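Okay, here's what each chain looks like letter by letter:
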Amino acid sequence: MKSSEQIQANAQTRTDSADVAVIGAGPAGAIISALLNRKGHKVVVIERQHFPRFSIGESLLPQCMEFIAEAGMLEAVNNAGFQFKNGAAFTHNGNYSFFDFTDKFSPGPGTTFQVQRAVFDHLLASEAQKQGVEIRYGHGLTAITTNAAGAELQVQPDNGDAYQLNARYVLDASGFGRVLPRLLDLELPSNFPARTSVFTHIQDNITADWHDRSKILVTVHPQYSDVWFWLIPFAGGRCSLGVVGESHYFEGKTDLQACLQSFVMETSDLGQLLNKAVFDTPVQKLSGYACNVKSLWGQNFALLGNAGEFLDPVFSSGVTIAMKSASLAAPLVDRQLRGGTVDWQNEYAVPLKRGVDTFRNYVSAWYDGRFQDVVFFRQDKASPKISGMISSILAGYAWDENNPFVAEPARRLNALADLCRR
Ligand SMILES: Cc1cc2nc3c(=O)[nH]c(=O)nc-3n(C[C@H](O)[C@H](O)[C@H](O)COP(=O)(O)OP(=O)(O)OC[C@H]3O[C@@H](n4cnc5c(N)ncnc54)[C@H](O)[C@@H]3O)c2cc1C
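This report concerns the structure included in the present document. From a predicted model like this one, the values you see are computed outputs, not experimental measurements.

**A look at the site of the ligand**
And step 1. Around the ligand, 37 residues are found, and the nearest of them are Glu47, Ile56, Ser59, Arg117 and Val319.
And step 2. Gln49 places a side-chain nitrogen or oxygen 3.0 Å from an oxygen atom of the ligand.
And step 3. Coverage of the ligand by the protein chains reaches 96% of its 1000 Å² of free accessible surface.
And step 4. Residues of the shell around the ligand, tallied by class, amount to 18 nonpolar, 14 polar and 5 charged.

Here is the structure:
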């Protein structure tokens, strides 16, 4: 072990540089590093962990396929053998409904995949490396100062001496690590209540013919409409299973597997569907993950994906927002590095937030019941055009202002929920 003085002394002696430093090699980091590398910039990614590593967030939305294509990774993702996904299904007390994303209103891909993130994130990062991006696994950012010329990052490898990396621009894609929000005092609490999620991977052994493996299944708890489950089928007979609710529902439940199984058994649709499931993987718990920041950018840095804001898992929007932030930021970083002027507030923060706010409206409406009324409205009576507009949002097209339910989410959603209730 090195003493802290030795580490500091070495940090002073070893310095290297890049045009762009990216913190984190998750979806946001992999996509933006590939995009900037394609524009001719030297990109160094600092990733604290070694891949493949577990991550939650396994159900993708079709919108993110556009960003994967933009980064030149579509063929690799299409050929990886992930579970095909074409929609979202919902159940509550015997009511079943579903949205097929290929019926959506917005242009763009209508299908995507359900992925084990350990494999998916490793694939994206490897594709970025193949394109020329340097990824330093096992290197964590510990401190940063930004200045008019760029930024100085202090990096601690897990096997070796700390060093300084100088970059002209820094992108924080550290996800729930939220490195720059913490180091630069940018953190803000979320407006959503603290929720908890308890989850695992199972061998599902599902035989029920109503269950469609090409859709995420969202099941509402029979008694508590603010408690819901995800069931995300993977290829090969396995599923990701999780339950989400306000943290008080989980208080005192220390045996996480018993907790998850008892929630499942209280919910007859899901209980029956999973009556032969084998729980063969440790159950995990995450709490209080919703977060926000004071600003998505500052002097020579910007925050991407979860390092900025995270809303809620209910619409599987996290990876799509992470990739959208990368796609929006890449041309702006490129322009700035070439000496151009960038208005980060109006060209990055405002447009990114527009789609995030669309999701925010639907997340709020899910938990207060308005959107559940829309989702469970009798499908034979629903207007195909309006269903297509809702399907678009569920497919991740939350930035398509041509969709009236994106352009005016609150007003349109209230009117629709009102109609469905009547
Ligand atoms: C319960 C739950 C369920 C979810 N389900 C879904 C879903 O079904 N679909 C979906 O799209 N999203 C889902 N999400 C959200 C999803 O997990 C995230 O939105 C997504 O992973 C964000 O990607 P990212 O690239 O911003 O960050 P991440 O994927 O978190 O990647 C960040 C990387 O940064 C690295 N890092 C952290 N700190 C440092 C440091 N100091 N130095 C260097 N590297 C560092 C980490 O090791 C990590 O590899 C869910 C979230 C939760 C909480």
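**Concerning the packing of aromatic side chains**
And step 1. Across all of its chains, the model carries 21 aromatic pairs by this definition.
And step 2. Here the aromatic rings of Phe176 and Phe310 are separated by 5.3 Å at their centres, their planes lie at 80°, and the arrangement is edge-to-face. With Phe176 in the loop between β10 (163-172) and α6 (179-183) and Phe310 in the loop between α9 (305-308) and α10 (318-337), the pair connects residues that are 134 residues apart, well separated along the chain.
And step 3. Overall, the relative accessible area of 36% leaves Phe176 in the partly exposed class.
And step 4. For Phe310, a relative accessible area of 10% corresponds to the buried category.
And step 5. Ring centres of Trp344 and Tyr348 lie 5.6 Å apart, and the angle between their planes is 75°; this geometry places the pair in the edge-to-face category.

**Brief notes about the side chain of Arg370**
And step 1. Within the secondary structure, Arg370 is located in helix α12 (residues 370-375).
And step 2. Here the side chain of Arg370 touches Asn414 through a polar contact of 2.6 Å, side chain to side chain.
And step 3. Setting aside residues no more than four positions away along its own chain, Arg370 makes contact with Asn361, Ser364, Ala365, Asn414, Ala417 and Arg421.

**Description of the sheet that holds strand β13 (residues 215-220)**
And step 1. Ordered in space as β5-β4-β13-β14-β15-β12-β16, the 7 strands form an open sheet in which the pairing is mixed. Here the strands that pair on one side only, and so sit at the sheet edges, are β5 (95-100) and β16 (284-287). Strand-to-strand, the axes of this sheet are offset by a mean angle of 20°, without reference to chain direction.
And step 2. Relative to β16, strand β12 (residues 195-203) is paired through 4 bridges, and the arrangement is antiparallel. Note that in β16 the partner of Val198 across the bridge is Lys285.

**Looking at the pattern of salt bridges**
Side-chain pairing between opposite charges can occur once the charged atoms of the two side chains come close.
And step 1. By the definition in use, this model includes 21 salt bridges.
And step 2. Of the charged contacts in the structure, one is a salt bridge between Asp121 and Arg117, with a shortest N-O distance of 2.7 Å. Here Asp121 and its partner Arg117 are both found in helix α5 (residues 117-130), 4 residues apart, which amounts to about one turn of the helix. Both residues of the pair, Asp121 and Arg117, count as buried.
And step 3. Here Asp357 and Arg360 are joined by a salt bridge, their closest N and O atoms 2.7 Å apart. Taken together, the residues span about one helical turn, with Asp357 and Arg360 both in helix α11 (residues 344-367) at a distance of 3 residues.
And step 4. Classification of Asp357 by relative accessible area gives partly exposed; the value is 30%.

**Section: the pairing of β10**
Successive residues of a regular strand alternate their side chains across the two faces of the sheet.
And step 1. Counting buried positions along β10 yields 8 of 10 residues, so the element is predominantly enclosed.
And step 2. Relative to β10, strand β1 (residues 15-23) runs parallel, the two being bridged by 8 bridges. Pairing of Ala18 across the sheet is with Ala167, part of β10.
And step 3. Looking at chain direction, strand β9 (residues 150-157) and β10 are connected through 5 bridges and run antiparallel. Each residue of the ladder has a partner; that of Val155, found in β10, is Tyr163.
And step 4. Connecting β9 to the next strand, β10, in antiparallel fashion are 5 residues, including Gly160 with a positive phi near 145°.

**Brief notes about the packing of α11 against helix α15 (residues 409-421)**
And step 1. For the pair α11 and α15, the least separation of the axes is 10 Å and the interaxial angle reads 30°. For the element pair α11 / α15, the angle class is roughly parallel. Crossing angle aside, the handedness with which α11 passes α15 is right-handed. Here Thr358, Asn361, Tyr362 and Ala365 of α11 come into contact with α15, specifically with Pro409, Ala410 and Leu413.
And step 2. Each residue belonging to the contact of α11 with α15 can be placed in one class, and the counts come to 5 nonpolar, 2 polar and no charged.

The rules we used
Residues numbered from 1 in each chain as written. Predicted model: local features only at pLDDT ≥ 70, side-chain atom pairs only at ≥ 80, totals over all residues. Heavy atoms only, no water. Near = heavy atom within 4 Å. Polar contact = N/O pair within 3.5 Å; in protein donor to acceptor, adjacent residues only side chain to side chain. Areas by Shrake-Rupley, 256 points an atom, 1.4 Å probe, with all protein chains shown as cover. Nonpolar A, V, L, I, M, F, W, Y, C, P; charged D, E, K, R; others polar. Phe/Tyr/Trp six-rings, centres within 6.5 Å; stacked < 30°, edge-to-face > 60°. Helix = DSSP H or I, 4+ residues; strand = E, 2+ residues; numbered from the N terminus. Buried < 20%, exposed > 50% of the residue type's maximum accessible area, 1.4 Å probe, protein only. Contact = heavy atoms within 4.5 Å. Pairing = 2+ DSSP bridges. Axes fitted to C-alpha atoms, helices over the stretch in contact; angles between N-to-C directions. Salt bridge = Lys/Arg side-chain N within 4 Å of Asp/Glu carboxyl O. Parallel < 35°, antiparallel > 145°, perpendicular 65-115°, else oblique. Left-handed = near helix turned anticlockwise from the far one by under 90°.

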